[in-house]
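# Report on the structure
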Amino acid sequence: MVTAASKTPQVVASEWSKYATEKEKAILDRLVSRDHCKVAGRLNSLIEMFAEDPDVERLVLESIQSVAEFFIRNNPPHPAIVADYDGTLAVEWRLPLTLPPDDRWQNCDGILCMEFLPSGDIEFFGDARAIGDEQELKVAGTATQKEIVKEIDPFLRRLHL
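Everything in this summary refers to the structure shown in the same document. (Residues numbered from 1 in each chain as written. Predicted model: local features only at pLDDT ≥ 70, side-chain atom pairs only at ≥ 80, totals over all residues. Heavy atoms only, no water.)

## Overview of the pattern of salt bridges
- Scanning all chains against the criterion turns up 11 salt bridges.
- Between Asp127 and Arg104 there is a salt bridge; the shortest N-O distance is 2.4 Å. On the criterion of sequence distance, the pair formed by Asp127 in strand 4 (residues 122–128) and Arg104 in the loop between strand 2 (89–95) and strand 3 (110–116) is long-range, its members being 23 residues apart.
- A relative accessible area of 10% places Asp127 in the buried class.
- When the shortest N-O distance is used, the salt bridge between Lys138 and Glu136 registers 3.9 Å. (Salt bridge = Lys/Arg side-chain N within 4 Å of Asp/Glu carboxyl O. Helix = DSSP H or I, 4+ residues; strand = E, 2+ residues; numbered from the N terminus. Buried < 20%, exposed > 50% of the residue type's maximum accessible area, 1.4 Å probe, protein only.)

If you want it as structure tokens, here you go:
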């Protein structure tokens, strides 16, 4: 539930989707207990949307677990969270615009995308323009939960500017 006075959803377990399994509810509860209410709320919404859409599969439990693990371990800023038709989750951050826009970078200074595969691996892609002394950043690949922060660290630092 979101109140007019708050920007952070206040989610309680009794409000999880009726379509959420007990394992999904446990993951959502864990996210809330670690102050990731927005992430839990968005995952709950996706669980609901996917359950009500006959053209898609359920969200992949391993993908939900991987997203939750990433947020609990690393505490990144809240991103856009989406799901592919196969139920695999992905997150996307637009890097804040710090320089005047140009033709290539009209709305942001870059993007970082991560897809949380059922295997537990994370596919990632990032592209960011040069700022100050920093060079343009480009990364792409697949990493484990333990390796991912090292791979995307320059992007995470820019998100915290």
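## As for the pairing of strand 3
- Counting buried residues along strand 3, five of its seven residues qualify, which places the element largely inside the surrounding structure.
- The sheet contact formed by strand 2 and strand 3 spans seven bridges and is antiparallel. Its bridge partner being in strand 3, Val91 is matched across the sheet by Met114.
- Pairing of strand 3 with strand 4, which is carried by seven bridges, proceeds in the antiparallel orientation. What sits directly across from Cys113, in strand 4, is Phe125.
- In this structure, the hairpin formed by strand 3 and strand 4 is closed by a connection of five residues, where Gly120 is found at a positive phi of approximately 100°. (Pairing = 2+ DSSP bridges.)

## Quick word on helix 3 (residues 61–74)
- Taking 1.5 Å per residue, 14 residues should reach 20 Å; helix 3 reaches 20 Å between its end C-alpha atoms and fits that length.
- Regarding helix 3, the residues found buried are Ser63, Ile64, Ser66, Val67, Ala68, Phe70, Phe71 and Ile72.
- Residue Asn75 follows helix 3 closely and has a positive phi angle near 50°. (Expected span 1.5 Å × (residues − 1).)

## A short note on the packing of aromatic side chains
- The final tally for this structure, using the stated rule, is three aromatic pairs.
- Each ring, one from Phe70 and one from Phe71, has its centre 5.6 Å from the other, and the planes form 90°; the classification is edge-to-face. The burial state of Phe70 is the same as that of Phe71; both residues are buried.
- The structure contains a cluster of three or more aromatic residues connected by ring pairs, namely Phe70, Phe71, Trp93 and Phe116. (Phe/Tyr/Trp six-rings, centres within 6.5 Å; stacked < 30°, edge-to-face > 60°.)

## Details of the packing of helix 1 (residues 22–33) against helix 2 (residues 37–52)
- In the contact formed by helix 1 and helix 2, the axes pass within 7 Å of each other and the chain directions differ by 160°. Comparing their axes, helix 2 and helix 1 come out roughly antiparallel. Relative to helix 2, helix 1 is oriented so that their crossing is left-handed. Two secondary-structure elements touch here, helix 1 through Glu24, Leu28, Leu31 and Val32 and helix 2 through Cys37, Val39, Ala40, Leu43, Asn44 and Ile47.
- The class makeup of the residues in the contact of helix 1 with helix 2 is eight nonpolar, one polar and one charged. (Axes fitted to C-alpha atoms, helices over the stretch in contact; angles between N-to-C directions. Parallel < 35°, antiparallel > 145°, perpendicular 65-115°, else oblique. Left-handed = near helix turned anticlockwise from the far one by under 90°. Contact = heavy atoms within 4.5 Å. Nonpolar A, V, L, I, M, F, W, Y, C, P; charged D, E, K, R; others polar.)

## Some words on the sheet that holds strand 2
- One open sheet accounts for five strands, arranged 1-2-3-4-5; its pairing is antiparallel. Edge strands, defined here as strands with exactly one partner in the open sheet, are strand 1 (80–83) and strand 5 (137–143). For this sheet, the mean angle separating the axes of adjacent strands, direction not counted, is 10°.
- Helix 2 rests against strand 1 and strand 2 of the sheet, and its axis sits at about 25° to strand 1.
- The strands that helix 3 touches are strand 2, strand 3 and strand 4; relative to strand 2, the one it contacts most, it runs at about 35°.

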